[in-house]
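What follows is each chain in one-letter form.
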Amino acid sequence: MAKIKAIRGMNDILPAETSSWQYLEETVLRVLKGYGYQQIRMPIVEYTDLFKRSIGEVTDIVEKEMYTFEDRNGESLTLRPEGTACCVRACEEHGLLYNQVQRLWYNGPMFRYERPQKGRYRQFHQIGVETFGMAGPDIDAELIMLSARLWRELGLLDHVTLEINSLGSAEARARYRDDLVTFLEKHIDRLDKDSQRRLSSNPLRILDSKNPDTQALLDEAPNFKDYLDQESADHFQQLLARLDAAGIAYQVNPRLVRGLDYYSKTVFEWVTAELGAQGTVCAGGRYDGLVEQLGGKPTPAVGFAMGVERLILMLQTLQCIPDNLSKTADIYVASAGEGASSAALQVAETLRSGFENLRVQVDCTGGGFKGQLKRADKSGADYALLIGEEELAQSEVTVKPLRGGAEQARVKSDGLVEHFKKLTTH
Ligand code: ATP
Ligand code: MG
(Lines give C-alpha, C1' and ligand atoms only; values in the text may rest on other atoms or scores of the structure.)
(Ligands and ions follow the chains in the order given, each with its own letter.)
Protein backbone atom coordinates (compact mmCIF):
# COMPACT_ATOMS: atom_id res chain seq x y z
CA MET A 1 0.00 0.00 0.00
CA ALA A 2 1.27 3.50 -0.77
CA LYS A 3 2.44 5.37 2.30
CA ILE A 4 0.62 8.51 3.30
CA LYS A 5 2.77 11.62 3.10
CA ALA A 6 2.56 15.07 4.61
CA ILE A 7 0.63 17.73 2.69
CA ARG A 8 2.70 19.68 0.15
CA GLY A 9 4.13 22.83 1.67
CA MET A 10 3.51 21.63 5.24
CA ASN A 11 6.73 20.52 6.86
CA ASP A 12 7.72 18.24 9.67
CA ILE A 13 10.33 19.85 11.84
CA LEU A 14 12.60 17.00 12.83
CA PRO A 15 14.73 16.60 15.97
CA ALA A 16 17.89 17.70 14.14
CA GLU A 17 16.18 21.07 13.54
CA THR A 18 14.08 21.60 16.63
CA SER A 19 17.08 22.63 18.70
CA SER A 20 17.63 25.53 16.26
CA TRP A 21 13.96 26.48 16.55
CA GLN A 22 14.21 26.42 20.33
CA TYR A 23 17.36 28.51 20.22
CA LEU A 24 15.57 31.13 18.09
CA GLU A 25 12.41 31.04 20.21
CA GLU A 26 14.34 31.31 23.48
CA THR A 27 16.33 34.25 22.16
CA VAL A 28 13.17 36.03 20.99
CA LEU A 29 11.47 35.39 24.32
CA ARG A 30 14.44 36.78 26.25
CA VAL A 31 14.49 39.94 24.15
CA LEU A 32 10.70 40.41 24.42
CA LYS A 33 10.83 40.02 28.20
CA GLY A 34 13.47 42.72 28.29
CA TYR A 35 10.84 45.11 26.91
CA GLY A 36 7.95 43.92 29.08
CA TYR A 37 5.91 42.05 26.44
CA GLN A 38 3.38 39.37 27.42
CA GLN A 39 2.32 36.30 25.49
CA ILE A 40 -1.18 35.73 24.07
CA ARG A 41 -2.32 32.45 22.49
CA MET A 42 -5.18 32.41 19.99
CA PRO A 43 -6.96 29.55 18.19
CA ILE A 44 -5.69 28.48 14.78
CA VAL A 45 -9.18 28.61 13.21
CA GLU A 46 -11.43 31.68 13.07
CA TYR A 47 -14.59 32.76 11.26
CA THR A 48 -13.74 33.60 7.65
CA ASP A 49 -15.31 37.05 7.98
CA LEU A 50 -12.62 38.09 10.47
CA PHE A 51 -9.98 37.92 7.75
CA LYS A 52 -12.19 39.32 4.99
CA ARG A 53 -13.02 42.34 7.11
CA SER A 54 -9.45 42.99 8.31
CA ILE A 55 -6.96 41.92 5.66
CA GLY A 56 -9.22 43.18 2.86
CA GLU A 57 -11.28 41.43 0.17
CA VAL A 58 -9.02 42.31 -2.72
CA THR A 59 -5.68 41.32 -1.22
CA ASP A 60 -3.65 38.29 -2.36
CA ILE A 61 -4.27 36.56 0.95
CA VAL A 62 -8.06 36.77 0.89
CA GLU A 63 -8.44 36.38 -2.88
CA LYS A 64 -6.37 33.25 -3.31
CA GLU A 65 -4.35 32.12 -0.33
CA MET A 66 -6.82 31.19 2.41
CA TYR A 67 -7.65 27.69 3.60
CA THR A 68 -11.39 28.15 3.95
CA PHE A 69 -13.90 25.39 4.62
CA GLU A 70 -17.35 24.80 6.00
CA ASP A 71 -17.62 23.02 9.31
CA ARG A 72 -20.35 20.46 10.02
CA ASN A 73 -22.67 23.30 10.92
CA GLY A 74 -22.27 24.99 7.56
CA GLU A 75 -20.25 27.86 9.00
CA SER A 76 -17.39 29.27 6.99
CA LEU A 77 -14.11 28.91 8.88
CA THR A 78 -10.54 29.70 7.88
CA LEU A 79 -7.14 28.47 9.05
CA ARG A 80 -5.52 31.72 10.13
CA PRO A 81 -3.25 33.21 7.42
CA GLU A 82 -1.78 35.72 9.90
CA GLY A 83 -2.11 36.66 13.54
CA THR A 84 -2.91 40.37 13.78
CA ALA A 85 -6.64 40.04 13.06
CA CYS A 86 -6.90 37.12 15.52
CA CYS A 87 -5.06 39.09 18.18
CA VAL A 88 -7.35 42.11 17.76
CA ARG A 89 -10.40 39.84 17.84
CA ALA A 90 -9.21 38.16 21.06
CA CYS A 91 -8.29 41.44 22.77
CA GLU A 92 -11.62 43.04 21.87
CA GLU A 93 -13.61 40.02 22.95
CA HIS A 94 -11.94 39.99 26.37
CA GLY A 95 -11.87 43.71 26.99
CA LEU A 96 -8.09 44.11 26.86
CA LEU A 97 -8.14 47.25 24.77
CA TYR A 98 -10.50 49.65 26.46
CA ASN A 99 -8.46 52.44 28.11
CA GLN A 100 -5.47 50.14 28.31
CA VAL A 101 -2.03 49.76 26.91
CA GLN A 102 -0.99 46.30 25.73
CA ARG A 103 2.34 44.88 24.59
CA LEU A 104 1.71 41.35 23.31
CA TRP A 105 3.39 38.57 21.37
CA TYR A 106 2.38 35.19 19.97
CA ASN A 107 4.07 32.32 18.17
CA GLY A 108 2.47 29.73 15.97
CA PRO A 109 1.56 28.26 12.60
CA MET A 110 -0.12 30.29 9.84
CA PHE A 111 -1.63 28.87 6.66
CA ARG A 112 -1.55 30.23 3.12
CA TYR A 113 -2.20 28.41 -0.12
CA GLU A 114 0.90 29.60 -1.98
CA ARG A 115 3.33 27.93 -4.35
CA PRO A 116 5.78 26.14 -2.04
CA GLN A 117 9.45 27.03 -2.55
CA LYS A 118 12.46 27.87 -0.40
CA GLY A 119 11.26 30.23 2.33
CA ARG A 120 7.61 29.96 1.24
CA TYR A 121 5.37 27.25 2.62
CA ARG A 122 1.68 26.52 3.09
CA GLN A 123 2.03 26.03 6.81
CA PHE A 124 4.66 28.40 8.16
CA HIS A 125 5.31 29.98 11.53
CA GLN A 126 5.26 33.54 12.67
CA ILE A 127 6.30 35.17 15.87
CA GLY A 128 4.10 38.24 16.01
CA VAL A 129 4.32 41.28 18.25
CA GLU A 130 1.34 43.65 18.64
CA THR A 131 0.90 46.77 20.73
CA PHE A 132 -2.26 48.75 21.50
CA GLY A 133 -3.10 52.12 22.99
CA MET A 134 0.01 54.09 21.98
CA ALA A 135 -0.45 56.68 19.27
CA GLY A 136 2.92 58.44 19.05
CA PRO A 137 6.11 57.40 17.26
CA ASP A 138 7.84 56.15 20.44
CA ILE A 139 6.24 52.73 20.27
CA ASP A 140 6.99 52.42 16.53
CA ALA A 141 10.61 53.13 17.44
CA GLU A 142 10.55 50.67 20.34
CA LEU A 143 9.35 47.86 18.06
CA ILE A 144 12.09 48.54 15.55
CA MET A 145 14.72 48.81 18.29
CA LEU A 146 13.47 45.53 19.75
CA SER A 147 13.78 43.77 16.41
CA ALA A 148 17.24 45.28 15.81
CA ARG A 149 18.34 44.00 19.22
CA LEU A 150 17.06 40.57 18.30
CA TRP A 151 19.07 40.54 15.04
CA ARG A 152 22.14 41.64 16.99
CA GLU A 153 21.72 38.84 19.54
CA LEU A 154 21.26 36.30 16.76
CA GLY A 155 24.28 37.57 14.84
CA LEU A 156 22.12 38.66 11.90
CA LEU A 157 22.23 42.45 12.19
CA ASP A 158 24.90 42.87 9.49
CA HIS A 159 22.82 40.81 7.06
CA VAL A 160 19.48 42.62 7.21
CA THR A 161 18.38 46.08 6.12
CA LEU A 162 15.43 48.04 7.37
CA GLU A 163 13.08 49.46 4.76
CA ILE A 164 10.56 51.94 6.03
CA ASN A 165 7.76 54.11 4.68
CA SER A 166 4.69 56.00 5.77
CA LEU A 167 1.33 55.23 4.18
CA GLY A 168 -0.21 58.32 5.73
CA SER A 169 -3.84 58.68 6.69
CA ALA A 170 -6.71 56.92 4.92
CA GLU A 171 -7.66 60.27 3.31
CA ALA A 172 -4.14 60.89 2.02
CA ARG A 173 -4.01 57.39 0.59
CA ALA A 174 -7.41 57.86 -1.09
CA ARG A 175 -6.29 61.11 -2.76
CA TYR A 176 -3.08 59.50 -3.91
CA ARG A 177 -4.90 56.40 -5.14
CA ASP A 178 -7.17 58.54 -7.36
CA ASP A 179 -4.26 60.38 -8.94
CA LEU A 180 -2.22 57.19 -9.35
CA VAL A 181 -5.13 55.45 -11.08
CA THR A 182 -5.69 58.44 -13.40
CA PHE A 183 -1.99 58.34 -14.33
CA LEU A 184 -1.78 54.56 -14.78
CA GLU A 185 -4.99 54.42 -16.84
CA LYS A 186 -3.30 56.67 -19.37
CA HIS A 187 -0.48 54.10 -19.64
CA ILE A 188 -2.50 50.95 -19.21
CA ASP A 189 -0.79 49.30 -22.19
CA ARG A 190 2.53 49.47 -20.31
CA LEU A 191 1.16 47.45 -17.39
CA ASP A 192 1.25 43.66 -17.15
CA LYS A 193 -1.94 41.60 -16.66
CA ASP A 194 -1.56 41.46 -12.87
CA SER A 195 -1.18 45.21 -12.53
CA GLN A 196 -4.04 45.87 -14.97
CA ARG A 197 -6.28 43.75 -12.77
CA ARG A 198 -5.08 45.54 -9.64
CA LEU A 199 -5.74 48.94 -11.20
CA SER A 200 -9.43 48.56 -10.44
CA SER A 201 -9.18 46.41 -7.31
CA ASN A 202 -6.09 47.39 -5.31
CA PRO A 203 -4.02 49.96 -7.25
CA LEU A 204 -1.52 50.72 -4.47
CA ARG A 205 -0.26 47.15 -4.71
CA ILE A 206 1.05 48.02 -8.18
CA LEU A 207 3.75 50.03 -6.39
CA ASP A 208 5.50 46.87 -5.22
CA SER A 209 5.26 45.11 -8.58
CA LYS A 210 8.47 43.22 -9.37
CA ASN A 211 8.09 43.97 -13.11
CA PRO A 212 10.95 46.31 -14.24
CA ASP A 213 8.74 47.97 -16.91
CA THR A 214 6.14 48.75 -14.28
CA GLN A 215 8.81 50.10 -11.95
CA ALA A 216 10.11 52.32 -14.78
CA LEU A 217 6.61 53.61 -15.40
CA LEU A 218 6.21 54.35 -11.70
CA ASP A 219 9.25 56.63 -11.83
CA GLU A 220 7.08 58.97 -13.87
CA ALA A 221 3.97 58.51 -11.69
CA PRO A 222 2.84 60.81 -8.87
CA ASN A 223 4.95 60.31 -5.74
CA PHE A 224 3.18 59.47 -2.51
CA LYS A 225 5.56 61.74 -0.60
CA ASP A 226 3.71 64.73 -2.03
CA TYR A 227 0.38 63.48 -0.67
CA LEU A 228 1.38 62.63 2.90
CA ASP A 229 -0.77 64.49 5.45
CA GLN A 230 1.02 66.73 7.95
CA GLU A 231 0.31 64.56 11.00
CA SER A 232 1.66 61.43 9.32
CA ALA A 233 4.66 63.34 7.97
CA ASP A 234 5.49 64.59 11.49
CA HIS A 235 5.01 61.12 12.96
CA PHE A 236 7.35 59.70 10.33
CA GLN A 237 10.04 62.35 10.85
CA GLN A 238 9.94 61.81 14.62
CA LEU A 239 10.24 58.07 14.16
CA LEU A 240 13.25 58.49 11.86
CA ALA A 241 14.85 60.85 14.39
CA ARG A 242 14.46 58.20 17.08
CA LEU A 243 16.03 55.57 14.85
CA ASP A 244 18.91 57.96 14.13
CA ALA A 245 19.37 58.51 17.87
CA ALA A 246 19.42 54.74 18.41
CA GLY A 247 21.98 54.29 15.63
CA ILE A 248 19.63 52.13 13.56
CA ALA A 249 20.23 52.40 9.82
CA TYR A 250 17.21 52.44 7.50
CA GLN A 251 16.25 53.01 3.91
CA VAL A 252 13.13 55.01 3.20
CA ASN A 253 11.35 53.11 0.43
CA PRO A 254 8.42 55.18 -0.91
CA ARG A 255 7.09 52.11 -2.76
CA LEU A 256 6.80 49.92 0.31
CA VAL A 257 3.03 49.37 0.67
CA ARG A 258 2.60 45.91 2.29
CA GLY A 259 0.02 43.39 1.17
CA LEU A 260 -2.68 43.95 3.75
CA ASP A 261 -5.27 46.72 3.74
CA TYR A 262 -5.22 47.65 7.40
CA TYR A 263 -1.95 49.57 7.60
CA SER A 264 -1.67 53.36 8.01
CA LYS A 265 1.28 55.65 8.76
CA THR A 266 4.38 53.55 9.53
CA VAL A 267 5.16 50.38 7.57
CA PHE A 268 8.50 48.57 7.62
CA GLU A 269 10.26 45.41 6.51
CA TRP A 270 13.54 43.82 7.49
CA VAL A 271 14.99 42.38 4.30
CA THR A 272 17.98 40.13 3.64
CA ALA A 273 19.92 39.31 0.50
CA GLU A 274 20.77 35.84 1.86
CA LEU A 275 17.53 34.07 0.95
CA GLY A 276 16.95 34.88 -2.72
CA ALA A 277 13.44 35.96 -3.66
CA GLN A 278 11.96 35.29 -0.19
CA GLY A 279 14.02 38.04 1.40
CA THR A 280 11.61 39.62 3.88
CA VAL A 281 12.18 38.09 7.32
CA CYS A 282 10.09 40.50 9.36
CA ALA A 283 7.36 42.95 8.43
CA GLY A 284 4.87 45.18 10.13
CA GLY A 285 3.45 48.59 10.69
CA ARG A 286 0.82 50.76 12.27
CA TYR A 287 -2.85 49.86 11.96
CA ASP A 288 -4.73 52.54 13.88
CA GLY A 289 -8.02 51.87 12.04
CA LEU A 290 -8.28 48.10 12.47
CA VAL A 291 -9.79 47.82 15.94
CA GLU A 292 -12.62 50.16 14.96
CA GLN A 293 -13.02 48.38 11.63
CA LEU A 294 -13.64 45.16 13.59
CA GLY A 295 -16.27 46.79 15.78
CA GLY A 296 -14.21 48.22 18.66
CA LYS A 297 -13.43 51.76 19.78
CA PRO A 298 -10.74 53.63 17.80
CA THR A 299 -7.44 52.29 19.20
CA PRO A 300 -3.94 53.10 18.02
CA ALA A 301 -1.99 49.93 17.27
CA VAL A 302 1.31 48.88 15.76
CA GLY A 303 3.00 45.51 15.37
CA PHE A 304 5.10 43.20 13.24
CA ALA A 305 5.54 39.52 12.44
CA MET A 306 8.69 37.52 11.74
CA GLY A 307 8.81 34.49 9.49
CA VAL A 308 10.37 31.79 11.65
CA GLU A 309 11.34 29.45 8.77
CA ARG A 310 13.12 32.28 6.95
CA LEU A 311 15.02 33.25 10.08
CA ILE A 312 16.06 29.63 10.65
CA LEU A 313 17.23 29.42 7.02
CA MET A 314 19.24 32.59 7.56
CA LEU A 315 20.78 31.32 10.79
CA GLN A 316 21.75 28.11 8.99
CA THR A 317 23.10 29.83 5.86
CA LEU A 318 25.22 32.21 7.92
CA GLN A 319 26.23 29.47 10.39
CA CYS A 320 24.91 31.50 13.28
CA ILE A 321 23.55 28.53 15.22
CA PRO A 322 25.66 27.65 18.28
CA ASP A 323 27.23 24.24 17.65
CA ASN A 324 26.57 22.72 21.07
CA LEU A 325 22.81 22.62 20.47
CA SER A 326 22.71 19.01 19.31
CA LYS A 327 24.16 17.81 22.60
CA THR A 328 21.55 15.71 24.42
CA ALA A 329 23.45 14.74 27.58
CA ASP A 330 26.08 15.93 30.05
CA ILE A 331 26.41 12.50 31.57
CA TYR A 332 25.68 9.22 29.78
CA VAL A 333 25.02 6.09 31.83
CA ALA A 334 25.98 2.71 30.36
CA SER A 335 25.53 -0.66 31.98
CA ALA A 336 25.91 -4.35 31.22
CA GLY A 337 25.08 -7.48 33.10
CA GLU A 338 22.41 -8.79 35.40
CA GLY A 339 20.94 -6.08 37.68
CA ALA A 340 23.23 -3.37 36.33
CA SER A 341 20.62 -1.64 34.17
CA SER A 342 18.37 -1.13 37.18
CA ALA A 343 21.30 0.39 39.09
CA ALA A 344 21.95 2.65 36.08
CA LEU A 345 18.41 4.01 36.17
CA GLN A 346 18.75 4.71 39.91
CA VAL A 347 22.13 6.39 39.63
CA ALA A 348 20.74 8.66 36.89
CA GLU A 349 17.80 9.68 39.09
CA THR A 350 20.14 10.49 41.97
CA LEU A 351 22.23 12.72 39.72
CA ARG A 352 19.19 14.54 38.31
CA SER A 353 18.02 15.22 41.87
CA GLY A 354 21.49 16.40 42.84
CA PHE A 355 22.00 18.95 40.07
CA GLU A 356 19.51 21.36 38.56
CA ASN A 357 19.54 21.42 34.75
CA LEU A 358 21.92 18.46 34.49
CA ARG A 359 21.18 16.30 31.48
CA VAL A 360 21.58 12.60 32.22
CA GLN A 361 20.82 10.03 29.57
CA VAL A 362 20.61 6.31 30.31
CA ASP A 363 21.36 3.81 27.58
CA CYS A 364 18.28 1.64 27.66
CA THR A 365 19.14 -0.63 24.74
CA GLY A 366 20.48 -3.53 26.78
CA GLY A 367 23.45 -3.99 24.38
CA GLY A 368 27.20 -4.28 25.02
CA PHE A 369 29.49 -1.52 26.32
CA LYS A 370 31.03 -0.88 22.91
CA GLY A 371 27.80 0.28 21.27
CA GLN A 372 26.80 2.17 24.41
CA LEU A 373 30.04 4.14 24.44
CA LYS A 374 29.54 5.05 20.80
CA ARG A 375 26.13 6.45 21.65
CA ALA A 376 27.60 8.17 24.71
CA ASP A 377 30.07 9.94 22.46
CA LYS A 378 27.36 10.88 19.96
CA SER A 379 25.23 12.37 22.74
CA GLY A 380 27.93 14.97 23.35
CA ALA A 381 28.22 13.97 27.03
CA ASP A 382 31.28 14.98 29.01
CA TYR A 383 31.26 11.80 31.09
CA ALA A 384 30.15 8.23 30.71
CA LEU A 385 29.24 6.23 33.80
CA LEU A 386 29.87 2.52 33.44
CA ILE A 387 28.20 -0.09 35.62
CA GLY A 388 29.27 -3.68 34.98
CA GLU A 389 29.05 -6.74 37.21
CA GLU A 390 32.17 -5.75 39.12
CA GLU A 391 30.94 -2.22 39.87
CA LEU A 392 27.53 -3.59 40.78
CA ALA A 393 28.98 -6.04 43.30
CA GLN A 394 30.77 -3.22 45.10
CA SER A 395 28.01 -0.56 44.74
CA GLU A 396 30.36 1.49 42.63
CA VAL A 397 30.39 3.27 39.29
CA THR A 398 33.23 3.86 36.83
CA VAL A 399 33.38 7.53 35.83
CA LYS A 400 34.93 7.85 32.38
CA PRO A 401 35.70 11.34 31.08
CA LEU A 402 34.85 11.53 27.37
CA ARG A 403 36.51 14.85 26.56
CA GLY A 404 39.90 16.12 27.70
CA GLY A 405 42.60 13.96 29.23
CA ALA A 406 41.28 13.37 32.76
CA GLU A 407 41.71 9.96 34.41
CA GLN A 408 39.00 7.37 34.78
CA ALA A 409 37.86 6.83 38.40
CA ARG A 410 35.89 4.32 40.49
CA VAL A 411 33.40 6.02 42.79
CA LYS A 412 30.89 4.71 45.36
CA SER A 413 27.36 5.08 43.98
CA ASP A 414 26.19 7.05 47.01
CA GLY A 415 29.17 9.42 46.68
CA LEU A 416 28.58 10.26 43.01
CA VAL A 417 26.86 13.60 43.55
CA GLU A 418 29.73 14.68 45.84
CA HIS A 419 32.23 13.48 43.26
CA PHE A 420 30.69 15.60 40.49
CA LYS A 421 30.32 18.59 42.80
CA LYS A 422 34.08 18.45 43.38
CA LEU A 423 34.75 18.03 39.66
CA THR A 424 32.66 21.06 38.72
CA THR A 425 34.19 23.36 41.37
CA HIS A 426 37.76 22.53 40.30
P1 ATP B 1 5.86 37.89 1.06
O2 ATP B 1 5.99 39.21 0.41
O3 ATP B 1 7.16 37.16 1.21
O4 ATP B 1 4.77 37.03 0.48
P5 ATP B 1 4.01 38.85 3.02
O6 ATP B 1 4.03 40.32 2.85
O7 ATP B 1 2.91 38.05 2.42
O8 ATP B 1 5.42 38.21 2.57
P9 ATP B 1 3.38 39.05 5.82
O10 ATP B 1 1.95 38.75 5.68
O11 ATP B 1 3.81 40.42 6.10
O12 ATP B 1 4.17 38.48 4.55
O13 ATP B 1 4.02 38.08 6.91
C14 ATP B 1 5.14 38.44 7.70
C15 ATP B 1 6.31 37.50 7.48
O16 ATP B 1 5.90 36.13 7.49
C17 ATP B 1 6.96 37.65 6.12
O18 ATP B 1 7.86 38.72 6.12
C19 ATP B 1 7.67 36.34 5.97
O20 ATP B 1 8.90 36.34 6.69
C21 ATP B 1 6.72 35.38 6.61
N22 ATP B 1 5.90 34.69 5.60
C23 ATP B 1 4.81 35.16 4.94
N24 ATP B 1 4.30 34.23 4.13
C25 ATP B 1 5.09 33.12 4.27
C26 ATP B 1 5.07 31.79 3.70
N27 ATP B 1 4.13 31.42 2.85
N28 ATP B 1 6.04 30.93 4.08
C29 ATP B 1 7.00 31.28 4.97
N30 ATP B 1 7.06 32.50 5.53
C31 ATP B 1 6.11 33.42 5.20
MG1 MG C 1 2.71 36.89 0.67
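Above this text you will find the structure in question.
Rules of the game
Residues numbered from 1 in each chain as written. Chains lettered and ligands numbered in written order. Predicted model: local features only at pLDDT ≥ 70, side-chain atom pairs only at ≥ 80, totals over all residues. Heavy atoms only, no water. Helix = DSSP H or I, 4+ residues; strand = E, 2+ residues; numbered from the N terminus. Rg over C-alpha atoms; globule rule 2.2 N^0.38 Å. Buried < 20%, exposed > 50% of the residue type's maximum accessible area, 1.4 Å probe, protein only. Contact = heavy atoms within 4.5 Å. Areas by Shrake-Rupley, 256 points an atom, 1.4 Å probe, with all protein chains shown as cover. Expected span 1.5 Å × (residues − 1). Arc of directions from axis to C-beta. Near = heavy atom within 4 Å. Polar contact = N/O pair within 3.5 Å; in protein donor to acceptor, adjacent residues only side chain to side chain. Phe/Tyr/Trp six-rings, centres within 6.5 Å; stacked < 30°, edge-to-face > 60°. 1 Å grid on protein atoms, 1.4 Å probe; cavity = no way out; pocket = protein on both sides within 12 Å on 5 of 7 lines; lining within 4 Å. Points joined across faces, edges and corners; volume = space filled by probe spheres on them. Nonpolar A, V, L, I, M, F, W, Y, C, P; charged D, E, K, R; others polar. Salt bridge = Lys/Arg side-chain N within 4 Å of Asp/Glu carboxyl O. Pairing = 2+ DSSP bridges. Axes fitted to C-alpha atoms, helices over the stretch in contact; angles between N-to-C directions.

(A) Expanded view of the overall build of the protein. Across its full length, the protein carries 15 helices and 16 strands. Here the C-alpha radius of gyration of the protein, 28 Å, is well above what a compact globule of 426 residues would show, namely 22 Å. With respect to the three principal axes, the spread of C-alpha positions in the protein is 95 × 60 × 45 Å. Counting the 426 residues in the protein, one finds 49% classified as buried. A separation of at least 24 residues holds for 69% of the contacts in the protein among residues at least 6 apart in sequence. For the protein, the computed accessible surface area is about 21,800 Å², with 49% contributed by carbon and sulfur atoms.

(B) Layout of helix 12 (residues 340-354). Between its first and last C-alpha atoms helix 12 spans 21 Å; for 15 residues at 1.5 Å apiece the expected length is 21 Å, and the two agree. Every buried residue of helix 12 is listed here: A340, A343, A344, V347, A348 and L351. Viewed along the axis of helix 12, the buried residues span an arc of 140 degrees, placing them on a single side of the element. Counted as exposed and oriented over 90 degrees from the buried face of helix 12: Q346 and S353. Where the residues of helix 12 are buried, they touch strand 12 (331-335), strand 13 (360-362), strand 14 (383-387), helix 14 (389-393), strand 15 (396-401) and helix 15 (416-425).

(C) Structural view of the site of ligand 1. Surveying the vicinity of ligand 1 reveals 15 residues, the closest of which are R112, E114, R120, R258 and T280. Between an oxygen atom of ligand 1 and a side-chain N or O atom of R120, the distance comes to 2.8 Å. Separating an oxygen atom of ligand 1 from a side-chain N or O atom of R310 is a distance of 3.0 Å. When ligand 1 sits alone it has 590 Å² of accessible area, and the protein chains cover 86% of it. For the shell around ligand 1, the secondary structure elements donating two or more residues are strand 6 (123-132), strand 10 (280-286) and strand 11 (301-307).

(D) Representation of the packing of aromatic side chains within the structure. This model, assessed by the stated rule, comprises nine aromatic pairs. Relative to Y113, the ring of Y67 has its centre 5.7 Å away and its plane inclined at 70 degrees; by these criteria the two rings are edge-to-face. Pair noted here: Y67 is in strand 3 (residues 67-70) and Y113 is in the loop between strand 5 (102-111) and strand 6, with a separation of 46 residues, a long-range link. For Y113, a relative accessible area of 45% translates into the label partly exposed. Judged by centre distance (5.1 Å) and plane angle (70 degrees), the ring pair of Y176 and Y227 falls under edge-to-face. Here Y227 lies in the loop between helix 8 (212-220) and helix 9 (230-245) and Y176 lies in helix 6 (residues 170-186), a separation of 51 residues in the sequence. Of the two residues, Y176 and Y227, both sit in the buried class. Site record: aromatic cluster; members linked through ring pairs are F132, Y262, Y263 and Y287.

(E) Here's a closer look at empty space enclosed by the protein. The tally for this structure, following the rule as stated, stands at one cavity of 30 Å³ or more. If you add up the space inside the largest cavity, you get close to 50 Å³. Lining the largest cavity, in full, are N165, L167, R173, Y176, L204, L207, F224, P254 and V257. Among the residues forming the lining of the largest cavity, the class breakdown is seven nonpolar, one polar and one charged.

(F) Region of interest: the pattern of salt bridges. For the structure shown, the criterion picks out 26 salt bridges. Of the charged contacts in the structure, one is a salt bridge between E390 and R410, with a shortest N-O distance of 3.5 Å. Note that E390 is positioned in helix 14 and R410 in strand 16 (residues 409-412), a separation of 20 residues in sequence. R410 sits in the partly exposed class, given a relative accessible area of 38%. Via salt bridges that share partners, K327, D330, R359 and D382 belong to a single interconnected network.

(G) Region of the structure containing the sheet that holds strand 12. Across the sheet, five strands lie side by side as 13-12-14-15-16; this open sheet has mixed pairing. The open sheet terminates on both sides in strands that have one partner only, identified here as strand 13 and strand 16. Averaged over all pairs of adjacent strands, the angle between strand axes in this sheet comes to 25 degrees, irrespective of strand direction. The pairing of strand 15 with strand 16 spans four bridges and is antiparallel. Within strand 16, the residue paired with T398 across the bridge is R410.

That is the geometry; function is a separate question.
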